[in-house]
Protein chains: 2
Amino acid sequence: MNDVKQTIAFRLGTLGAVMQERFASKIEAYDLKPKHVGLMAALKSGTVAASQQDLAARLGVAPSLVVALADHLERLGAVERVRDPGDRRRQTLTLTEHGAALLTRCAAAAGELDDEITASLAASERAALHDTLGRLAAGVGLPS
Amino acid sequence: MNDVKQTIAFRLGTLGAVMQERFASKIEAYDLKPKHVGLMAALKSGTVAASQQDLAARLGVAPSLVVALADHLERLGAVERVRDPGDRRRQTLTLTEHGAALLTRCAAAAGELDDEITASLAASERAALHDTLGRLAAGVGLPS
DNA sequence: TTGACATCGTTCATGGCCTGAATGATACAG
DNA sequence: CTGTATCATTCAGGCCATGAACGATGTCAA
């Protein structure tokens, strides 16, 4: 035996891909992709106003990608770009009210997804999974 | 709150991406990508000889991608293509000894990864995670 | 002040991965 | 034998993400 498919890493990888896919189709109606949601979520939890470079580092993507994501979100009216008066090179991204509303709907979509996939799990099991995943995410340096 | 990032779906998605990435860098030395390993694993667990169409369906990818993956694995000597004598349209893929050896090394790499990310988890917690992920994978129709 | 150098956001060309349509070979039903 | 379906393969194209430029701005030292 000693099967790759019996591995936590492999299962996380494949399950993660499926989740991304399903989540993407759920938020498609809002003209959003998972990365857009990730960016908005980072903006919401950010206490200080975030520069695009900061966000790129937090999300683990290239700065040029943040530009594209922000462009799209700005076009949707979900995000505003403001020049930092203290350092005029920086663009400060902030979530608009509409952006916050969108984010709420995405959270609801993710919640539905949770319910769907954990339907066959006991409540305690689901809670344990939630907790463990949070610890793992923190362990690999993902923003919580 | 009601944060997207607190969601099981979102955490699975991001963690899965990280895992894929890390696994990819671990097997890079063997000139393999995660999808190659997925294909080999499907071959190993397949009881009956698998046609490429079957494999495409099992992996959830387009048949044309299986062609590319099989091409690469064949070049590495990990896989053999044999015409099905019963239906000469079909190519039957089988894992060679070298392929099996490669797969074992990939399983070892995934095992290391498991140890790394679950280092801060109790043994019981890790076992529970492994079990729950298995159930989830089965729930979304992933081959186990 | 001025000049050298770093940093930010942006654009652009490029590469990788995957798909869907077209093709040729083979199977099979009538 | 003929028409249709199924298989593997090829190929062109799309999408996503990156890295290398570039212009604008900031910083620091002389």
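Coordinates for the structure precede this section.
The rules behind the values
- Residues numbered from 1 in each chain as written.
- Chains lettered and ligands numbered in written order.
- Predicted model: local features only at pLDDT ≥ 70, side-chain atom pairs only at ≥ 80, totals over all residues.
- Heavy atoms only, no water.
- Core = buried A, V, L, I, M, F, W, Y, C linked by side-chain atoms within 4.5 Å.
- Buried < 20%, exposed > 50% of the residue type's maximum accessible area, 1.4 Å probe, protein only.
- Contact = heavy atoms within 4.5 Å.
- Helix = DSSP H or I, 4+ residues; strand = E, 2+ residues; numbered from the N terminus.
- Expected span 1.5 Å × (residues − 1).
- Arc of directions from axis to C-beta.
- Least-squares fit on C-alpha atoms with pLDDT ≥ 70 in both.

Concerning the nonpolar core
- Ranked by size, the top nonpolar core spans 76 residues in total, and within it L12 and F23 of chain A together with L12 and F23 of chain B carry the most contacts.
- Sequence-distant contacts of L12 of chain B, that is, excluding residues within four places in its chain, are made with L12, G16, M19, I117 and L133 of chain A together with L133 and L136 of chain B.

Considerations on helix 4 (residues 63–76) of chain A
Residues and elements named next belong to chain A.
- Here helix 4 is 14 residues long and its end C-alpha atoms lie 20 Å apart, about the 20 Å a rise of 1.5 Å per residue gives.
- For helix 4, the full list of buried residues reads V66, L69, A70, H72 and L73. When helix 4 is viewed along its axis, its buried side chains cluster within an angular range of 160° and face the same direction. Opposite the buried face of helix 4, by more than 90 degrees, sit the exposed residues S64 and R75.
- Taken together, the buried residues of helix 4 touch helix 2 (34–45), helix 3 (52–59), strand 2 (79–83) and strand 3 (91–95).

What to know about the relation of the copies chain A and chain B
- Superposition of chain A onto chain B requires a rotation of 180° combined with a translation of 0.0 Å along the rotation axis, giving an RMSD of 0.0 Å. The two molecules are tied by a two-fold rotation axis, judged by turn and shift. Distance from the rotation axis, computed per C-alpha, reaches its smallest value in chain A at G16 of chain A: 2.1 Å.
- Looking at the interface residues of chain A, 100% of them are also at the interface in chain B, so both copies use one shared face.

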